[in-house]
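For reference, the chains in residue letters:
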Amino acid sequence: MVLLRQLLGDVLRQLRLRQGRTLREVSAAARVSLGYLSEVERGQKEASSELLSSICKALGVPLSHVLRDVADQLALAELQHEPVMAGAPEHERIPADKIPETPEEIAGELRADMVAA
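What you are looking at is a predicted structure, and each value in this text was computed from that prediction instead of being measured.

**Q** Any chance you could explain the overall build of the chain here in plain terms?
**A** For the chain, the count of helices and strands is 6 helices and 0 strands. Starting at the N terminus and ending at the C terminus, the chain contains elements arranged as α-α-α-α-α-α. Across the 117 residues in the chain, those meeting the buried criterion constitute 31%. A sequence separation of at least 24 residues applies to 60% of the contacts in the chain between residues at least 6 apart. Accessible surface for the chain amounts to roughly 7700 Å². Of this, 54% is attributable to carbon and sulfur atoms.

**Q** Can you walk me through helix 3 (residues 34-41) in this structure?
**A** A turn of α-helix holds 3.6 residues, and therefore any two residues three or four places apart point the same way. L37, S38, V40 and E41 are the residues of helix 3 that are buried. The arc enclosing the buried residues of helix 3, seen along the axis, measures out at 160°, which places them on a common side. Here the buried face of helix 3 lies against helix 1 (4-18), helix 2 (23-30) and helix 4 (49-59). Where helix 3 ends, the next residue or the one after it, G43, has phi of about 75°, a positive value.

**Q** Can you help me understand the environment of I55 in this one?
**A** Along the chain, I55 turns up in helix 4. Between the C-alpha atom of I55 and that of L12, which follows or precedes it by 43 residues, the distance is 8.3 Å. Leaving out residues up to four positions away in the same chain, I55 has contacts with L12, A30 and L37.

**Q** Please explain helix 1 as it appears in this structure.
**A** The terminal C-alpha atoms of helix 1, which comprises 15 residues, lie 21 Å apart, in line with the 21 Å expected from a rise of 1.5 Å per residue. Taken together, the buried positions of helix 1 are L7, L8, G9, V11, L12, L15 and R16. Looking at the buried positions of helix 1, the neighbouring elements they touch are helix 2, helix 3, helix 4 and helix 5 (63-81). Of the residues trailing helix 1, G20 is marked for its positive phi of about 70°.

**Q** Which parts of the structure should I look at to understand the packing of helix 2 against helix 4?
**A** Any two packed helices are characterised by the angle at which their axes cross and by the distance between the axes. Close contact between helix 2 and helix 4 brings their axes to 8 Å; oriented N to C, the two are set at 120°. Taken together, the axes of helix 2 and helix 4 lie oblique to each other. Once helix 2 is placed against helix 4, the crossing between them reads as right-handed. Taking contact as the criterion, the partners of V26, A29 and A30 in helix 2 are, on helix 4, S54, I55, A58 and L59. Of the residues assigned to the contact of helix 2 with helix 4, the class counts are 6 nonpolar, 1 polar and no charged.

**Q** Please clarify how the pattern of salt bridges should be interpreted in this entry.
**A** For side chains of opposite charge, pairing can occur when their charged atoms come near one another. For the structure on display, the rule yields 4 salt bridges. Each member of the salt-bridge network shares a partner with another, and the members are D10, R13, R16 and E41.

Rules used throughout
Residues numbered from 1 in each chain as written. Predicted model: local features only at pLDDT ≥ 70, side-chain atom pairs only at ≥ 80, totals over all residues. Heavy atoms only, no water. Helix = DSSP H or I, 4+ residues; strand = E, 2+ residues; numbered from the N terminus. Buried < 20%, exposed > 50% of the residue type's maximum accessible area, 1.4 Å probe, protein only. Contact = heavy atoms within 4.5 Å. Areas by Shrake-Rupley, 256 points an atom, 1.4 Å probe, with all protein chains shown as cover. Arc of directions from axis to C-beta. Expected span 1.5 Å × (residues − 1). Axes fitted to C-alpha atoms, helices over the stretch in contact; angles between N-to-C directions. Parallel < 35°, antiparallel > 145°, perpendicular 65-115°, else oblique. Left-handed = near helix turned anticlockwise from the far one by under 90°. Nonpolar A, V, L, I, M, F, W, Y, C, P; charged D, E, K, R; others polar. Salt bridge = Lys/Arg side-chain N within 4 Å of Asp/Glu carboxyl O.

So, in structure tokens, the structure goes:
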């Protein structure tokens, strides 16, 4: 089972590392302890919405961007764990060769579905 807090921590860590920033820098800017931020990034603690907002502000990234990345990764993880929609009727199942492999492909599929609707 994929845990939301682990995906969220992964996204936050990736953002921080892409910026070349240390845990210490971001924790100081977010006004959260270094240890707690580390636990959030490792998926060991669930951050409150206020704390997430503070971390995102410290990273200079909108919370909506972080949540979108988490949602894309969660959708991908769900598809990889149950690719054929086991409980669905045969005509609703997703063929194994049609399963998106990246968050970007999933986002494209979701946008196409929303436009079609």
